[in-house]
Amino acid sequence: LLMKTFFPGTSSEKPSGAIHPSQGSTGCVLQLREKSSVGGGAVDMIASFRFKWKLGVADDAVLRKLCHKDLRHVFDKYDGEKTLAEVVEEAKVAEPLQGVAVGCMPDAPGSAAVGRFHRLELIDPCADAAVFGDANLTFALNLARHRKALGHVGRVIATTFESLPTLRERYQEIDDTIKILQEHYAEVYHEVDCTAIPSNPKFKGLEGSLGAVYYNFPHAGSVGGFFDGHPCVNWRHENLMRLFFRALRTFVKPGGIVKVASNMGAVGVRFSYITGGAAENEFCHTETVPFLQWSLHRYGRAYGDRRDAYRRPSDGEGYNVQRAEKDMVYTFRYEPSGKTLGPQPFRLPPTLATLMACEDGPFANQAVGEPRKKLAIQLHKRFVMEVSGVHVG
């Protein structure tokens, strides 16, 4: 912050609707950290590969001239031991892959060919695919229809965080949607916490079976009075992504694909929380696809809360400060090293003293004394329960 000469506004300078200095300072620190990451915008597979291996601009030019077969070979075989030029020469004499989708059109321009796979959703036809946090199950239905059209035999496992009675209150069409999903041989589970699926009996027997996983526009849930980016609550969104990817390690097969759709400007689940949580758990970033270029982007978006009972984003009630052209699909490939990872790092909630000293959010209009203390204790108890694994995500 000192090097950037950042100076947050004071409370007296804070105009109506502006963020609090605490949130501004935290946001500035996060943005500085994110400058050294792969970035939140569109990133094709070659750019992601270059970032992973710290390759230069000259290498980019070499990679973009390769045909589909040769580029796939470089992606699969390059490990930093040999020079890029050596691996490229090996690729030129390698035989095309047979019997798999990635082996098709070997002579097509490499950059264009590899980019089609994640946009057209050409996933493992035999492996199961799981969808988490699908509020009204319309994305899962979209995926099930897509897989049926392609002749896939793998199942779609559709999950919601809320209970079926709650869904019926918000979505009049939910029973019809579930019926159609079941007609497509999909399995539908409710009250699924995506951060705790290893302990969920519904997922017993699915270990190492998932070839594709989807989580669109993740959110850890709102805390009344706080903006998502406020440091008193933002830790919940970071933990959501960290624990989500750690939970997936048990169920995703090596080489399996995980896609998380989010807005690149989101201040709750920031793009760096998605890419960071993935990297900590050996899910390698392969590409960031603009959401509108994704073949599965046409589905019934929902808020995922009580607002859905009377309005939807598709009714013209979009998300504040988030534009559709900035929605991205962050794509990862599970590449386990075989090593045992240590305990998953996570963010701790603010202390009771910190909450007692908070001057904004739900505390802005709270008088000093017993009412403020009662609210602080209530929030602290909730946060401790969440970080202890109760109602996380």
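Because the structure is predicted, anything quoted here is derived from the model rather than measured.

A closer look at a nonpolar patch on the surface
- A grouping of Leu-97, Val-100 and Val-102 is seen on the molecular surface, where their side chains present a nonpolar patch of about 220 Å² in accessible area.
- Overall, the relative accessible area of 44% leaves Leu-97 in the partly exposed class.

Some thoughts on the pairing of strand E6 (residues 283-290)
- Extensive coverage of E6 is indicated by the burial of eight of its eight residues.
- One ladder, built from seven bridges, connects E6 with strand E7 (residues 327-334); its direction is antiparallel. Pairing of Val-289 across the sheet is with Val-329, part of E7.

Section: the environment of Arg-33
- When you line up the elements, Arg-33 lands in helix H1 (residues 21-34).
- Through-space distance from the C-alpha of Arg-33 to that of Ser-272 is 8.8 Å; in sequence the pair is 239 residues apart.

Side note on the layout of surface pockets
- One number sums up the size of the second largest pocket: a volume of about 1100 Å³.
- Taken together, 36 residues line the second largest pocket, and the ones lying closest to its centre are Arg-72, Val-102, Gly-255, Ile-257 and Arg-333.
- When the residues that make up the lining of the second largest pocket are grouped by side-chain class, the tally is 17 nonpolar, nine polar and ten charged.

What about the side chain of Asn-200?
- Its location among the elements puts Asn-200 in the loop between strand E3 (187-189) and strand E4 (210-216).
- Taking the relative accessible area as the measure of exposure, Asn-200 reaches 13% and is therefore buried.
- Within polar-contact distance, the side chain of Asn-200 engages the backbone nitrogen of Lys-202 at 2.9 Å.

A closer look at helix H2 (residues 45-53)
- Along H2, the residues that are buried comprise Met-45, Ile-46, Ser-48 and Phe-49. Seen along its axis, H2 keeps its buried residues to an arc of 160 degrees; they face one direction.
- For H2, the elements touching its buried residues are helix H3 (57-64), helix H4 (68-77), helix H6 (110-120) and E6.
- The N-capping residue of H2, defined by a side-chain oxygen 3.2 Å from the backbone nitrogen of Ile-46, is Asp-44.
- Following H2 by one or two positions, Lys-54 has its phi on the positive side, about 55 degrees.

Topic: the environment of Arg-249
- Examined against the element boundaries, Arg-249 turns out to sit in the loop between helix H10 (235-248) and strand E5 (252-263).
- Overall, Arg-249 belongs to the buried group, its relative accessible area being 19%.
- Separated by 34 residues in sequence, Arg-249 and Phe-283 have C-alpha atoms that sit 8.8 Å apart.
- Side-chain polar atoms of Arg-249 contact the side chain of Glu-282, separated by 2.9 Å.

Points about the packing of H4 against helix H5 (residues 84-93)
- Where H4 contacts H5, the axes come no closer than 9 Å and their chain directions differ by 130 degrees. Considered as vectors, H4 and H5 are oriented oblique to each other. Of the two possible hands of crossing, H4 and H5 adopt the one that is right-handed. Within the contact between the two elements, H4 uses Lys-69, Asp-70, His-73, Val-74 and Lys-77 and H5 uses Leu-84, Val-87, Val-88, Glu-90, Ala-91 and Lys-92.
- Across the contact of H4 with H5, the residue classes tally to five nonpolar, one polar and five charged.

Description of the sheet that holds E4
- In spatial order, the strands read E3-E2-E1-E4-E5-E7-E6; together these seven strands make up an open sheet with mixed pairing. Looking at the sheet topology across the chains shown, the edges are occupied by E3 and E6. When the angles between neighbouring strand axes are averaged without regard to direction, this sheet yields 15 degrees.
- Its contacts with the sheet place H6 against E5, E6 and E7, and it is angled at close to 85 degrees to E6.

Some points on the side chain of His-68
- Position of His-68 among the secondary structure elements: in helix H4.
- When near neighbours in sequence (up to four residues on either side) are disregarded, His-68 contacts Val-102, Cys-104, Met-105, Pro-106, Ala-108, Pro-109, Gly-110, Ala-113, Val-114 and Phe-117.

Description of the pattern of salt bridges
- For the structure on display, the rule yields 24 salt bridges.
- Residue Glu-335 pairs with Lys-52 through a salt bridge whose shortest N-O separation is 3.4 Å. A residue pair is termed long-range when its members are at least 10 positions apart, and Glu-335 in the loop between E7 and helix H12 (352-357) and Lys-52 in helix H2 qualify at 283 residues.
- We classify Glu-335 as partly exposed; its relative accessible area is 33%.
- The class for Lys-52 is partly exposed, based on a relative accessible area of 37%.
- Salt-bridge contacts for Asp-327 lead to Arg-301; the nearest nitrogen and oxygen are separated by 3.6 Å. Pair noted here: Asp-327 is in strand E7 and Arg-301 is in the loop between E6 and E7, with a separation of 26 residues, a long-range link.

Re the packing of aromatic side chains
- All told, the structure shown has 21 aromatic pairs when counted by the stated rule.
- For the pair Phe-132 and Phe-244, a centre-to-centre distance of 6.2 Å together with 80 degrees between the ring planes defines the contact as edge-to-face. With Phe-132 in strand E1 (residues 128-132) and Phe-244 in helix H10, the pair connects residues that are 112 residues apart, well separated along the chain.
- Taken together, a centroid distance of 6.2 Å and an interplanar angle of 25 degrees make the contact between Tyr-214 and Trp-294 stacked. Remark: Trp-294 occurs in the loop between E6 and E7 and Tyr-214 occurs in strand E4; sequence separation between them is 80 residues.
- The ring of Phe-51 has Lys-54 lying over it, and the distance from NZ or CZ to the ring centre is 5.1 Å.
- Cation over ring: Arg-301 sits above Phe-291, and NZ or CZ is 5.8 Å from the ring centre.

How each quantity is defined
Note on numbering: residues in each chain are counted from 1, in written sequence order. Given that this is a predicted model, residues contribute local features only at a pLDDT of at least 70 and side-chain atom pairs are listed and counted only at 80 or more, while totals for whole chains, interfaces and linings are drawn from all residues. Water and hydrogen atoms play no part in the side-chain values, which are based on all heavy atoms of the structure. Two joining distances apply to patches: 9 Å for like charges and 5 Å for nonpolar side chains (Val, Leu, Ile, Met, Phe, Trp, Tyr), and every residue must have over 30% relative accessible area and no salt bridge. Areas reported here follow the Shrake-Rupley algorithm with a probe of radius 1.4 Å; residue values treat only the protein chains shown as occluding. Basic side-chain nitrogens of Lys or Arg form a salt bridge, by our definition, when they fall within 4 Å of a carboxyl oxygen of Asp or Glu. Think of it in three bands: with a 1.4 Å probe and only protein chains considered, a residue is buried below 20% of the maximum accessible area for its type, exposed above 50%, and partly exposed in between. In DSSP terms, a helix is any run of H or I states spanning at least four residues, a strand is any run of E spanning at least two, and both are numbered starting from the N terminus. For two strands to be treated as a pair, DSSP must find no fewer than two bridges joining them. With a 1 Å grid laid over protein atoms only, a set of points is called a cavity when a 1.4 Å probe fits there but cannot get out and a pocket when it is open yet has protein on both sides within 12 Å along at least five of seven lines; lining residues have an atom within 4 Å of a point. Grid points are joined across faces, edges and corners, and a volume is the space filled by probe spheres set on the points. Note that Gly is not counted as nonpolar here; it falls among the polar residues with everything else outside the nonpolar set of Ala, Val, Leu, Ile, Met, Phe, Trp, Tyr, Cys and Pro and the charged set of Asp, Glu, Lys and Arg. By the criterion applied in these results, polar contacts are pairs of N or O atoms within 3.5 Å in which, for protein atoms, one can donate a hydrogen and the other can accept it, and in which residues neighboring in sequence qualify only through two side-chain atoms. To be clear, the arc concerns the directions from the helix axis to the C-beta atoms. Note on contacts: a residue pair is in contact if any heavy atoms of the two residues lie within 4.5 Å. Geometry is summarised by axes, namely lines fitted to C-alpha atoms with helices restricted to the contacting stretch, and by angles between N-to-C directions that run from 0 to 180 degrees. Each angle gets one of four labels, with under 35 degrees taken as roughly parallel, over 145 as roughly antiparallel, 65 to 115 as roughly perpendicular, and the rest as oblique. A crossing counts as left-handed when the near helix is turned anticlockwise from the far one by less than a right angle, and as right-handed when that turn is clockwise. The aromatic pairing rule takes the rings of Phe, Tyr and Trp, using the six-membered ring of Trp, and pairs them if the centres are within 6.5 Å, calling planes under 30 degrees apart stacked, those over 60 edge-to-face and the rest tilted. Remark: a charge is flagged as sitting over a ring if the NZ atom of Lys or the CZ atom of Arg is within 6 Å of the ring centre and within 35 degrees of the ring normal.

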